[in-house]
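# What the coordinates show
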Amino acid sequence: LTGQGSGLNQFQLFLPCAAGVEEYLLPEVQHITGLGDQAVQKRRGGVAVTGAWRDAMLLNLYSRLAQRVLVLLSYTEYRNEQDLYRAASEVAWEAWFTPRQSIKVEVTAQHSPLTSLNFAALKVKDAVCDRFRVKANGVRPDVDTQWPDVRIFAHLSTDSCSLYIDTSGEPLFKRGWREDKGEAPLKETLAAAMLAASGWLAGEGDLSPLYDPCCGSGTIAIEAAQMACNIAAGSGRRFAFEHYLLFARHVWDAIKNQAKEAEVTRAAGQKPIIFGSDVTFRMVDFAQRNAQRAGVADLIEFRGGDALQRLPPCDQPGVMLVNPPYGERIEVAGVAGAQRAGGREQAQVASQGDAGGEDGAFFSQLSAHWKKNYAGWSAWVLTPDLKLPGKMRLKESRRVPMWNGPLECRLFRF
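Below or above, wherever it landed, is the structure these notes cover.

Analysis parameters
Residues numbered from 1 in each chain as written. Predicted model: local features only at pLDDT ≥ 70, side-chain atom pairs only at ≥ 80, totals over all residues. Heavy atoms only, no water. Helix = DSSP H or I, 4+ residues; strand = E, 2+ residues; numbered from the N terminus. Buried < 20%, exposed > 50% of the residue type's maximum accessible area, 1.4 Å probe, protein only. Pairing = 2+ DSSP bridges. Axes fitted to C-alpha atoms, helices over the stretch in contact; angles between N-to-C directions. Contact = heavy atoms within 4.5 Å. Polar contact = N/O pair within 3.5 Å; in protein donor to acceptor, adjacent residues only side chain to side chain.

### Overview of unusual backbone geometry
Glycine aside, negative phi is the norm for most residues, and most peptide bonds take the trans geometry. We note that H111 has phi near 60 degrees; this positive angle belongs to a residue other than glycine. For H111, the position within the fold is in the loop between β5 (103-109) and α4 (117-135). In the Ramachandran plot, R393 falls in the positive-phi region, its phi being about 55 degrees despite a non-glycine side chain. Checked against the element boundaries, R393 lands in the loop between α12 (388-392) and β13 (398-404). For R393, a relative accessible area of 62% gives the class exposed.

### Some details on the sheet that holds strand β9 (residues 274-278)
Pairing is mixed across the open sheet formed by seven strands, whose spatial order is β10-β9-β8-β11-β12-β14-β13. The open sheet has two free edges, formed respectively by β10 (300-304) and β13, since each of these has just one partner strand. Across the sheet, the mean angle separating the axes of adjacent strands is 20 degrees when strand polarity is ignored. Relative to strand β14 (residues 407-413), β13 is paired through seven bridges, and the arrangement is antiparallel. Paired with R398 across the two strands is R413, which belongs to β14.

### Description of the pairing of strand β2 (residues 40-43)
Two elements, β2 and strand β3 (residues 46-51), share four bridges in a ladder whose sense is antiparallel. When the sheet's bridge partners are listed, Q41 is paired in β3 with A48. Counted between consecutive antiparallel strands, the loop separating β2 from β3 contains two residues, among which G45 sits at a positive phi close to 80 degrees.

### So, the sheet that holds β2
Judged by pairing direction, the sheet is mixed, and its seven strands sit side by side in the order β2-β3-β1-β4-β7-β6-β5 without closing on themselves. Bordering the open sheet on either side are β2 and β5, each of which pairs with just one other strand. For this sheet, the mean angle separating the axes of adjacent strands, direction not counted, is 30 degrees. When strand β4 (residues 70-77) meets strand β7 (residues 160-166), the two strands line up antiparallel, connected through seven bridges. Counterpart to T76 in the pairing with β7 is C161. Docked against the sheet, helix α2 (residues 53-62) engages β1 (11-16) and β3, running at close to 15 degrees with respect to β1.

### Description of the pairing of strand β12 (residues 378-383)
In terms of burial, β12 is a largely internal element, six of the six residues being buried. Residues S378, W380 and L382 point to one face of β12 and A379, V381 and T383 to the other, with burial holding for every one of them. The pairing of strand β11 (residues 319-322) with β12 spans four bridges and is parallel. Pairing of V319 across the sheet is with S378, part of β12. As judged from the four bridges shared by β12 and β14, these two strands associate in the antiparallel manner. Among the inter-strand pairings, W380 is bridged to a residue of β14, identified as R413.

### A closer look at the environment of S198
Note that S198 resides in helix α5 (residues 188-198). Separated by 123 residues in sequence, S198 and L321 have C-alpha atoms that sit 8.3 Å apart. With near-sequence residues (within four places) excluded, S198 lies in contact with L321 and W380. Looking at S198, its side chain comes within polar contact range of the main-chain oxygen of L195, at 2.8 Å.

Now the structure itself:
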């Protein structure tokens, strides 16, 4: 930390992201902040930024790919838990928040020699509280593991400890519009990464039609629509930095007003170019309600329908972006039974009759349907099944590694 307060001071920021997304996050961060290669650097699992406090606010508001915006407050070597206590006790936490605010400490580790990460977190927490006892006449912050005002992250390597304060609060994939969702929803950050990899928004001139035939609660379509309208990803939510002592309400209000003014409104009577369909009508209803809350309902056309039967949603060829049912999510069940269970993925496949619960049969039928009816379209499919092209009897033209939580996936382009 080289300064606290004004926008002129420099902070070391770290934006974690899903593995495989770093190369898309880097240019996004540069675009949002206007910072160059010296200040923005790709790291394993995220992007490091040397920037001002204003950059931290901008990145929270605009980033579609980052999981959080963290500020690095300490980087030290350690051997044991007492070293962690010492490192945390030397951070000026009182410059960031007051003892009236609740805290939570989380520890992540890579090849750490410590036997208990819970004990490591306890030592960091003790150091923070003990420092406040000294600085604030015996008053210390409470711990709240559910809804803390302040999240403190410690990352341990073999011999080094990095201490971060989180400026985001809830993870950034929580945009604030998705209240209706299915059982295994795609995170908004991963949907944005799929869109970034596809290059759908990167071209000059008019956008191609975009279609998700297994849309679930509408995540991919809604992310695409917000991107097309230049709606800031975090415009519908609050952030942890709003509780911090560095926070200046007038600066934040000006940033949000600027974002609102930059939004692109759709011309009256203009036809939708973004489409979604799902075999479960309950999910279509969810998607429509989510799109309404996200401010993009008039840009997207959602319909019910089986992925193996739906014809192209418009005359012009475009791009399909799909996170289809796969692996353990494909089960044998009657359509009505699957719908009662709330599983759009199971319903999608159960309706195929002779699929018999075999994902290979489903995907071979899907590719046959696409070959017959979707000439001129390109399809991007996110799956953990590295043998998917063989099952679809298609040769992929690109394969992009991405992680969906703990699942190593590939985004195939056909």
